[in-house]
Amino acid sequence: MIFNKFERMTASRYLRAKRKEGFISVITAFAFTGIALGVATLIIVMSVMNGFRAELLGRILGMNGHISIVAPNGYPFNNYKAAIKDISEIEHINLAVPMIENQLLVTAGKSAEGAMVRGISKDDILSKKSMAEAVKNIDMEYFKDDSIIMGVRLARKMGVVEGDKVTLLSPNGKVTAFGSVPRMKSYQVVGLFDSGMFEYDSNFIFMPLEAAQVYFGLKGVVTNIDVTIDDDKFLKQVKSMLEHSLGPNAYIYDWKQSNSAFFNALEVERNVMFIILTLIIIVAAFNIITGLIMLVKDKSRDVAVLRTMGATRGMIMRIFFIDGAFIGLVGTLLGLVLGVLFCENIEAIRQGLQSILGRDLFSAEIYFLSKLPAKIDVTEVLSVVVISIILSFSATLYPSWKASKTDPVEALRYE
């Protein structure tokens, strides 16, 4: 649509309300602010949810593989070295990690907590980026024999620091003539890992694989094999190849099966939030309609004069369309800038608000992560901007059409 100079000047004049038109100006300001806040809020919320999902998925796949292989009926793998060699040769598989996982009780002084012990070799820990990052402040040369690495939050709950000794107590103990005796042994804490994910930092303990095999009486065997692939898009293909290769000798499940309920809930919440927050923009668009209708009513005499001077209905319609479109377009762009800036500095803003309010605004115990993430999806942001502009432009059509239908004779007769 092409607007001539006369239409642009007249539209600009109508946007600058006189003192007696102050109420119209207030409605216009509300519409402008509503569009901006709606767009900004939608971008922020969607980016935070994207960041939360991506960060959580990254942490999960950083500490675990894309695919887990478990021996059927709880029996351990006694030929895992040969199995890992065969698995590693499958296309798109980057890493196959043997490990032992078991739950037990850890005690230190008067403290006692349940924990998940993961027996894993030092080289396998360092071969995974997220795990290597979690233990970057630990001298891994000491991770051997009767030593363990505890999650930082678990250690904090128990009052344990690096160098302390803790006792591990497993109910799956030795069978004697007097019954089953729990396994109990002391280990030295050689470091505290920090993965940034509450679930792991408050529940997991790493133990050298050989030490775990001795402690759990699983000499020469493992309970799990974690498989990491080079791209998640090959997940189904690799899983199918593993099932064909291993057959009924193993139970194979992927990260989507393990966390399906959680990630499905996130996706549903994300879609619902998008719909709800879009309503904010729709409400603001109705404010544009209200403001323009009142402006048309107030300017009916001006419109009549313009019509008698030769202005066409199309010109009148375009004048009021420019006013509404300007409010929607500028409000959308302002919301875009505010939303992106907020997302880029969201953690600093959270920390600032926490210090002012004196409250924890993003509890790791509830949200699983220690930092508030935000990931801006360009396609999603563009969709929000396009939706906002379309709604804003659509909101101007009826008032503009109404203005173009003004009868000059009737408008001037009652003035």
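Residues numbered from 1 in each chain as written. Predicted model: local features only at pLDDT ≥ 70, side-chain atom pairs only at ≥ 80, totals over all residues. Heavy atoms only, no water.

Colleague: Would you take a moment to explain the packing of aromatic side chains for this structure?
Modeller: Two numbers describe a pair of aromatic rings. These are the distance of the centres and the angle of the planes. Under the defined criterion, the tally for this structure stands at seven aromatic pairs. Taking 6.1 Å as the distance between ring centres and 35° as the angle between the ring planes, the aromatic pair formed by Tyr398 and Trp401 counts as tilted. Of the two residues, Tyr398 and Trp401 are both situated in helix α16 (residues 378–404); the distance of three residues between them amounts to about one turn of the helix. (Phe/Tyr/Trp six-rings, centres within 6.5 Å; stacked < 30°, edge-to-face > 60°. Helix = DSSP H or I, 4+ residues; strand = E, 2+ residues; numbered from the N terminus.)

Colleague: When you look at the environment of Ile205 in this model, what are you seeing that I'm missing?
Modeller: Take Ile205: it is sitting in strand β7 (residues 204–207). Of the residues examined, Ile205 reaches a relative accessible area of 0% and is grouped as buried. For Ile205 and Ile148, which are 57 residues apart along the polypeptide, the C-alpha to C-alpha distance reads 6.7 Å. Excluding its chain neighbours within four sequence positions, the residues that come into contact with Ile205 are Val106, Ala115, Met116, Val117, Arg118, Ile148, Ile149, Met150, Leu154 and Leu168. (Buried < 20%, exposed > 50% of the residue type's maximum accessible area, 1.4 Å probe, protein only. Contact = heavy atoms within 4.5 Å.)

Colleague: Is there a simple way to explain the nonpolar core in this structure?
Modeller: When a protein is soluble and globular, its nonpolar side chains tend to lie buried together. Core analysis: the largest hydrophobic core is formed by 73 residues, its most contacted members being Ile69, Met150, Leu168, Phe206, Ile225 and Leu242. In terms of residue count, the dominant contributor to this core is strand β2 (residues 93–108) (nine residues). The residues contacting Met150, other than those within four sequence positions of it, are Ala155, Met158, Val160, Val166, Val189, Gly191, Leu192, Phe193, Phe204 and Ile205. Ala31, Val39, Leu372 and Val385 belong to the second-largest nonpolar core, a separate cluster that totals 34 residues. (Core = buried A, V, L, I, M, F, W, Y, C linked by side-chain atoms within 4.5 Å.)

Colleague: Would you mind going over the pairing of strand β9 (residues 251–254) with me for this structure?
Modeller: Moving residue by residue along a regular strand, the side chains alternate between the two faces of the sheet. Covered by surrounding structure in β9 are Ile252 and Asp254 only, the residues Tyr251 and Tyr253 on the alternate face being uncovered. Note that strand β1 (residues 67–70) and β9 share four bridges and pair antiparallel. The residue of β9 that forms the bridge with Ser68 is Tyr253. (Pairing = 2+ DSSP bridges.)

Colleague: Teacher, can you tell me more about unusual backbone geometry here?
Modeller: Most peptide bonds take the trans configuration, and most residues that are not glycine carry a negative phi. Even without being a glycine, His92 presents a positive backbone phi close to 80°. Residue His92 is classed as buried on the basis of its relative accessible area, which comes to 16%.

Colleague: Explain the packing of helix α13 (residues 313–344) against α16 to me, please; I cannot follow it from the model alone.
Modeller: For any two helices packed against each other, the geometry comes down to the angle between their axes and how far apart the axes lie. Here α13 crosses α16 at 155°, and the two axes come no closer than 8 Å. Between α13 and α16, the crossing angle belongs to the class labelled roughly antiparallel. The crossing of α13 and α16 is right-handed. The segment α13 lies against α16, with Arg313, Ile316, Met317, Phe320, Phe321, Gly324, Ala325, Gly328, Leu329, Thr332 and Leu336 engaging Val381, Val385, Ser388, Ile389, Ser392, Phe393, Thr396, Leu397, Ser400, Trp401, Ala403 and Ser404. Considered class by class, the residues forming the contact of α13 with α16 number 14 nonpolar, eight polar and one charged. (Axes fitted to C-alpha atoms, helices over the stretch in contact; angles between N-to-C directions. Parallel < 35°, antiparallel > 145°, perpendicular 65-115°, else oblique. Left-handed = near helix turned anticlockwise from the far one by under 90°. Nonpolar A, V, L, I, M, F, W, Y, C, P; charged D, E, K, R; others polar.)

Colleague: How should I be thinking about a nonpolar patch on the surface in this particular structure?
Modeller: On the surface, Val268, Val272 and Ile276 cluster together into a nonpolar patch covering about 240 Å² of accessible area. Mapped onto the secondary structure, Val272 falls in helix α11 (residues 260–298). Taking relative accessible area as the criterion, Val272 reaches 39% and is therefore assigned partly exposed. (Patch = residues over 30% accessible without salt bridge, like charges linked within 9 Å, V, L, I, M, F, W, Y side chains within 5 Å. Areas by Shrake-Rupley, 256 points an atom, 1.4 Å probe, with all protein chains shown as cover. Salt bridge = Lys/Arg side-chain N within 4 Å of Asp/Glu carboxyl O.)

Colleague: Looking at this structure, how should I read the side chain of Gln213?
Modeller: Position of Gln213 relative to the elements: it lies in helix α8 (residues 209–215). Exposure remark for Gln213: the relative accessible area of 9% places this residue in the buried category. Setting aside anything within four residues of it in sequence, one finds Gln213 in contact with Tyr80, Ile100, Leu218, Lys219, Gly220, Val221 and Val222.

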